[in-house]
Structures are given as C-alpha cells and as structure tokens.
Amino acid sequence: MLKIRPLLSALANPRLLSLERNGWLCKPLCTMSEGSGEMQTTKLPKRVNEENLDSSERPQVTKRLKSDGEHTEDEKKYPKKKVVLLMAYSGKGYYGMQRNPGTSQFRTIEDELVTALIKSGCIPENHGDDMKKMSFQRCARTDKGVSAAGQVVSLKLWLIDNIIEKINEQMPPQIRVLGLKRVTQGFNSKNNCDARTYSYMLPTVAFSPKDYDTQNSAAFRVEPETLQRVNRLFSLYKGTHNFHNFTSQKAPQDPSARRYITEMTCGEPFTRSDAEFAVITVRGQSFMLHQIRKMIGLVIAVIKGYAREEVMERSWGHDKVDVPKAPGLGLVLERVHFDRYNKRFGGDGLHERLEWDQEEEAIKAFKDAHIYPSIVETECQEGSMVSWMATLPIHDFEASAAGTRENKDQKQDNEDEGNESD
C-alpha cells in the first residue's frame, strides 16, 4: 500500500510524471546494474536536453542544418578544383602583380583578380583576405608598370559555368584571363615553372652614339651593323653566370646569384608613331630583382661608348661593378614554361599539357590592343629612355661603385619595389 502512494501522487501531478518518464526520478531502477546504469545515465541526459529544447532554439538548429545542406549542394554542382589561369595585362597604373593586403592605395593586378573572383562567384569572400585558403601562387612577380602577355597563376576555385567570361566581366579591359586548365592537386605555378621568357620593347635611339642629339630621337634609325653587335653582346649572357652585380643586396658568394640564361636576342626594328622600336627577348630559368633591366642597361652603356666590352666579363666576377638599370617601361612577361610537368603529366590521359597554342591569337590581339600602344604612347610622351640615357655618364664603369652611387641605387630599388623575378 505504501508503494502505491508515490504512483498516485505522480498521476495527480503530470509534471512529476513527465520528469519520472525522462529518467529524473528513476534512480533506484537505474542502479539495478552498474554497467547498464552508466550507459543509461550517459544517454538519458542527452535525450532530455534534445527533447526539452526551448521552442526558439529549434528553428535555429533547423536553419543551420539547411544552410549546411545548401552549401553541400553548391559544392556538388560547382566542385572546387585546382586550376591554372592564363593572364594578360597592361601594367600601366598598377604597382606590380603581387597583392599587398592593407595597402589599398597601391593597387596591384592581383587586387583586381581577387575582386573579380569573388564577384563572379569563383571563390568565397573570405578567401580574399587570406589567399592561402585558395592555394594561390603566381609564376612571376612583375614590377610597377610592367606588363604580361603570358602570366600563369594556380589556385583552387569553383568551376562555375562560363567561368572565364564571368571573371573578365568583373575586371578592367587592360586585364584579362585568356585561358584555364585543370592541374594536379599538388601543382604550384612558381615551383613547377622551369623557365620564364620576357621581352623588352625599347626605342632604338637607345643604341645611338653618345654624342647623338636626342632632341630628335624619333628620327633615329639603327644601323644593321650596330644591331649585329648588340646581339653579339647579348649572346655573352647565355649560360650560367654570377649575376650578383645585376641585382641589389646579393653577395658574390651567394649561390642564388648564379642564374642560367638560355636565350637573349634583339629582333628586327619596326616603326610605331614615327619612331623606331625593337624588341629584346630573354629566356632564363629564373631572374632576380631588376636583373633583366640591368642586363639590358649594361649592353646599352657599351654600345653607346660609355663602357668597354670587358666590363661584362668583369661584372660576373667578385668585384663590385656599377651596372646601370634600364627603365621599367617596355618589360613584358611573355610566357612561362612547364616542360617537366608536361613530360610527367601531359600524356597521362587525365591532365592537359600547359601550353597555350590555341590562345596565341588572343595573346597577340591583347598585346596589339593594350600592351604595345601603352608602351609606345608613354615613351613618346614621357621619353623615359632618353631621360635615363642622360644618367649614363655619372656611372663609373672602370672601378667599383662609389658608396654614394650605391646608396642612391639602393634608394631607387626601395622606391619601385616589386620585380621581374620569380
């Protein structure tokens, strides 16, 4: 009879009965077995918590699960994959290729690209703050004002429909994505790059004698014999040399100063806006800060008669040599090469070779529309090459550079930081 009273009391009190059913008043029953008691006491509180959620909390859980489901569906529809993008751009008005978060006043090519990727729906918005989240890597950094016709970047993004068109819709006309290819998950555009080819477009008045009247620079036409000598001097760069004098802050004994050059030539001259121009092409494994501009600057100094030819051989030695740096205008990243990657993966039936034969016409059209006109127009208006040529007499090519001159060059290097290096 005494045992019936608690039951009657529970029936008279629904809340008490509810608590009993949920395990709060069944301690004697739960302790019948230690093993089963431990199992039940770990499960029941969890079940009680789920069943007794406040009504305002339940919709939040449902909403969160729905959101997760929608995200999963998006990823199934547009899977995130590792790709490379072929890019072309005119560097005029930009502070180089590489993005520098927190310095919005110095707009770069990557700033435009990342903004376009977010707006087009290729990457989440938070990837713009941390580019490592999309495994972003560029083949080569380019200096302030330097252009590119064949830059390649690797990254992970969502493969949305009409992806190239949608990215380009969000970018200015002077920056374009011209191609896209799938690559292996471990691909890194910088580390997998075997070589880089640059071009340098300059007015041929750069090869005029030092006593030539540059007031009439547009009328100058280079002689075939002079062009032959130019190419002979450029050919001396081929092979492996110690280029510590062709960059800043590199010691002669630094192994990284040794660079391998496979090609360097100057093409036939042509006329643009009544002035004569020529294009120098250089291909190497990789290049250091300002290396190409100094290689060209030293040859110009020899051709114009400010330095003797032997200075080139001496510049690869351990002594410090004062090497002039040609203007940045005219330098273009033409293409990057992935020979080893193509050999290993290009024929496996799963991946494409990283070659851009089908995009050649688009590359040429972009150069003719945006890169060459910008170089010619800026050179004709500002005369950067003629102005730079006027500084050649102050260089000392016969002895080590004076401290004041070295400091001046270092200051200039810091001002236009960014480079044509890998």
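As shown above, the structure is provided for reference.
Residues numbered from 1 in each chain as written. Predicted model: local features only at pLDDT ≥ 70, side-chain atom pairs only at ≥ 80, totals over all residues. Heavy atoms only, no water.

A. Structural context of the overall build of the protein chain. Scanning the protein chain from N- to C-terminus turns up 14 helices and 10 strands. Here the protein chain holds 422 residues, and 44% of them are scored as buried. Of the contacts made within the protein chain by residues no fewer than 6 positions apart, 76% connect residues no fewer than 24 positions apart. As displayed, the protein chain offers around 22,500 Å² of accessible surface, 49% of which is attributable to carbon and sulfur atoms. (Helix = DSSP H or I, 4+ residues; strand = E, 2+ residues; numbered from the N terminus. Buried < 20%, exposed > 50% of the residue type's maximum accessible area, 1.4 Å probe, protein only. Contact = heavy atoms within 4.5 Å. Areas by Shrake-Rupley, 256 points an atom, 1.4 Å probe, with all protein chains shown as cover.)

B. Expanded view of the pairing of strand S9 (residues 275–284). Counting buried positions along S9 gives 8 out of 10 residues, so the element sits mostly inside the fold. Sheet topology note: the strand S7 (residues 258–266)/S9 ladder contains 5 bridges and is antiparallel. Bridging from a neighbouring strand, cysteine 266 pairs with isoleucine 280 of S9. Bridge analysis of strand S8 (residues 270–272) against S9 gives 3 bridges, and the strand direction is antiparallel. Looking at the pairing, phenylalanine 270 lines up with phenylalanine 277 of S9. With antiparallel pairing between neighbouring strands as the criterion, S8 and S9 make up a hairpin whose turn holds 2 residues, including serine 273 at a positive phi of roughly 50°. (Pairing = 2+ DSSP bridges.)

C. The pattern of salt bridges, seen in detail. Evaluated as defined, the whole model comprises 17 salt bridges. Note that aspartate 111 and arginine 99 form a salt bridge whose closest N and O atoms lie 2.9 Å from each other. A residue pair is termed long-range when its members are at least 10 positions apart, and aspartate 111 in helix H6 (residues 109–119) and arginine 99 in the loop between strand S1 (80–89) and H6 qualify at 12 residues. Of the two residues, aspartate 111 and arginine 99, neither departs from the other in class, the shared state being buried. One salt bridge connects glutamate 309 with arginine 232, and the closest N-O pair in it is separated by 2.8 Å. Linking glutamate 309 in the loop between helix H9 (291–304) and helix H10 (310–315) with arginine 232 in helix H8 (residues 224–235), this pair joins segments that are 77 residues apart in sequence. You can call glutamate 309 partly exposed: its relative accessible area is 30%. (Salt bridge = Lys/Arg side-chain N within 4 Å of Asp/Glu carboxyl O.)

D. Focus on helix H12 (residues 360–382). Taking 1.5 Å of rise per residue, 23 residues should cover 33 Å, and H12 covers 31 Å from first to last C-alpha, within 8% of that figure. All of the buried residues along H12 are Ile363, Phe366, Lys367, Ile371, Tyr372, Ser374, Ile375, Val376, Thr378 and Glu379. One or two positions beyond H12, positive phi appears at glycine 383, with a value near 60°. (Expected span 1.5 Å × (residues − 1).)

E. Expanded view of H6. H6 sits mainly inside the fold: 8 of its 11 residues count as buried. Of the surrounding secondary structure, the elements contacted by the buried residues of H6 are S1, strand S2 (137–138), strand S3 (147–158), helix H7 (163–169) and strand S4 (175–182). Glycine 121 sits one or two residues past H6 and shows a positive phi near 85°.

F. Representation of unusual backbone geometry within the structure. Its identity as a non-glycine residue notwithstanding, aspartate 274 has a phi of 70°, on the positive side. Looking at the element boundaries, aspartate 274 is found in the loop between S8 and S9. Positive phi values are uncommon outside glycine, yet histidine 290 reaches one of about 65°. You can see histidine 290 is positioned in the loop between S9 and H9. A relative accessible area of 1% places histidine 290 in the buried class.

G. Expanded view of the nonpolar core. Of all hydrophobic cores here, the largest spans 101 residues; its most connected members are Leu113 and Tyr237. Here the element with the most residues in this core is H9; it accounts for 9 residues. Setting aside chain neighbours within four positions, we find leucine 113 in contact with Leu85, Met87, Phe136, Val153, Ile167, Met171 and Val177. (Core = buried A, V, L, I, M, F, W, Y, C linked by side-chain atoms within 4.5 Å.)

H. How the structure looks around the environment of isoleucine 175. Relative to the elements of secondary structure, isoleucine 175 occurs in strand S4. On the basis of relative accessibility, which here comes to 0%, the residue isoleucine 175 falls in the buried class. With near-sequence residues (within four places) excluded, isoleucine 175 lies in contact with Met87, Ala88, Tyr89, Tyr94, Ile109, Glu112, Asn168 and Phe366.

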